[in-house]
Amino acid sequence: MNSNMKVDWLIVGAGFTGATLAERIANELDQKVLVVEGRNHIGGNAYDCYDEQGVLIHKYGSHTFHTNSKLVWDYLSRFTQWRPYFHEVRAYVDGIKIPLPFNLNALSALFSLQYAQKLESLLIRQYGFGAKIPILKLRESAHEELGFLAEFIYQKVFYRYTIKQWDLKPEELDQSVSARVPVYVSRDNRYFQDTYQGIPLHGFTAMFHRMLDHPNIKVLLNADYQEIADEIRYKRMIYTGPIDSFFGYKHGQLPYRSLRFHFETHQKAWYQEVGTVNYPNEYDFTRILEQKHLTGQVAPHTTISYVYPQPYSPGENEPYYPIPRKENSQRYSLYKQEAEQMRDRVLFAGRLADYQYYNMDQAVARALTLFKQIVAE
């Protein structure tokens, strides 16, 4: 490492937040940026690569880009063309694969025609066609038949899946978790209804390479920023890693859930009918992913991955999901107060620094908003 290296900005983390801010600062402000990444690749959890069998896989779980923000879509479109793609998810319930979110087609698949039509009429009358109802809200329904339906969906689709995913019951989590996959009074089988949906045509990693391809940007991989920070002369830092780690866990560790992926290659063109199939009630894994559905790659064989949720242990596995509970938010707020006092030297942003679950478009929007604040200072 060149101990005389001088940059305007040291950015810790090369995921969506770090890469977006590096690109904006380098291009718009014409300032020098060093991006330091602990892993051996850029792209954060959106990183994709070809496995030994030549199949393009998402190493850290399937990533489907979707947004209602034209600003975010247009921004990323500078660095990639898009493969139009609408993600579909199935859940294996009572031996039948039904659409997720649970919708009117799921009713028809699970119940007799007459009973399904009755429940459909009740849902439309009470909530309106096209409504999305959080499962905990539906459970509060006074109507006997809808109460039965809510309890059926809760037990068969949510309850055991939530325990596998979080090692907590739905009631022990913030309601934002159960609201993420509502009951959808519709026949739309798409997992997302956003205006803009797709997969970068040549993959996420290729898009990140184009974002970071600028003479003002240098990227250092396999590096702990703490080991090199004293050797680099920089004016300000943007930190996108875990905020509790930055402050030496002085207020205690912020809990996360982690994931383990088991990859298998099968000598057939397709393993399953859609990119994601959830198994709420059977097995220890939560779902099986098949990324060829997302990428559109043509190959005589396919690679799938089983997703096993795990407790998070710093240094042993990756922090994926902040655990949304009140006491965790309160602990994060102590770290946020520390961060505010350093604002003139260090800015904190991103999923791990904000201790918040972000979709990819939300991470980009967060970075673009922070950049506007930097410009306005």
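About the criteria used
- Residues numbered from 1 in each chain as written.
- Predicted model: local features only at pLDDT ≥ 70, side-chain atom pairs only at ≥ 80, totals over all residues.
- Heavy atoms only, no water.
- UniProt positions renumbered as here; feature names shortened; annotations may be inferred.
- Axes fitted to C-alpha atoms, helices over the stretch in contact; angles between N-to-C directions.
- Helix = DSSP H or I, 4+ residues; strand = E, 2+ residues; numbered from the N terminus.
- Parallel < 35°, antiparallel > 145°, perpendicular 65-115°, else oblique.
- Contact = heavy atoms within 4.5 Å.
- Core = buried A, V, L, I, M, F, W, Y, C linked by side-chain atoms within 4.5 Å.
- Buried < 20%, exposed > 50% of the residue type's maximum accessible area, 1.4 Å probe, protein only.
- Domains from an automatic or database assignment.
- Buried area = accessible area lost by both parts, 1.4 Å probe.
- Polar contact = N/O pair within 3.5 Å; in protein donor to acceptor, adjacent residues only side chain to side chain.
- Nonpolar A, V, L, I, M, F, W, Y, C, P; charged D, E, K, R; others polar.

The protein chain has the name UDP-galactopyranose mutase in an unreviewed UniProt entry, where Brevibacillus formosus is given as its organism. In its Cofactor (unreviewed entry) section, the UniProt record describing the protein chain reads: "FAD".

Student: Explain the packing of helix α1 (residues 16-28) against helix α8 (residues 204-212) here, please?
Tutor: Two quantities define a packed helix pair, namely the angle between the helix axes and the distance between the axes. Look at α1 against α8: their axes get within 8 Å of each other, and the N-to-C directions meet at 30°. By the angle between their directions, the pair α1 and α8 is classed as roughly parallel. Of the residues in α8, those in contact with Phe16, Ala19, Thr20, Ala22 and Glu23 of α1 are Phe204, Met207, Phe208, Met211 and Leu212.

Student: Explanation requested: the nonpolar core in the structure shown.
Tutor: Note that soluble globular proteins tend to have their nonpolar side chains buried in a common cluster. Ranked by internal contacts, the top residues of the largest apolar core, which has 43 residues, are Leu34, Met237, Tyr239, Ile243, Phe246, Phe247 and Phe348. Contributions of two or more residues to this core are made by β1 (6-12), β2 (33-36), α9 (225-228), β13 (233-239), α10 (243-246), β14 (256-266), α12 (326-341) and β19 (346-348). Residues from two domains meet in this core; each of domain 1 (6-46 + 70-76 + 200-251 + 322-376) and domain 2 (102-184) gives at least three. When near neighbours in sequence (up to four residues on either side) are disregarded, Tyr239 contacts Val12, Tyr225, Ser245, Phe246, Val346, Leu347, Phe348, Ala349 and Ala353. With 41 residues, the next largest nonpolar core counts Ala22, Val35, Met211 and Leu370 among its residues.

Student: Just to check I follow, could you spell out unusual backbone geometry for this structure?
Tutor: Most peptide bonds take the trans configuration, and most residues that are not glycine carry a negative phi. The linkage connecting Leu100 with the following residue, Pro101, adopts the cis geometry, with an omega of -5°. Inspection of the secondary structure assignment puts Pro101 in the loop between β8 (96-100) and α3 (104-110). In this structure, Asp30 is a non-glycine residue whose phi angle is positive, near 55°. Topologically, Asp30 is positioned in the loop between α1 and β2. A positive phi angle, close to 45°, is found at Tyr355, a residue other than glycine. Its place among the elements puts Tyr355 in the loop between β19 and α13 (360-376).

Student: How do you make sense of the domain arrangement of the protein chain when you look at a structure like this?
Tutor: Interface extent is often summarised as the accessible area lost during association of the parts. Assigned domains within the protein chain: domain 1 (6-46 + 70-76 + 200-251 + 322-376) and domain 2 (102-184). Here the C-alpha centroids of domain 1 and domain 2 sit 37 Å apart. Summed over both sides, the interface between domain 1 and domain 2 buries roughly 510 Å², with carbon and sulfur atoms accounting for 65% of that surface. Of all residues in domain 1, Pro324, Arg325 and Tyr357 bury the most surface against domain 2, accounting for 79% of the area lost on that side. Where domain 1 meets domain 2, there are 2 residue pairs in polar contact (both at pLDDT 80 or more). Within the side of domain 1 that touches domain 2, the residues separate by chemical class into 4 nonpolar, no polar and 1 charged.

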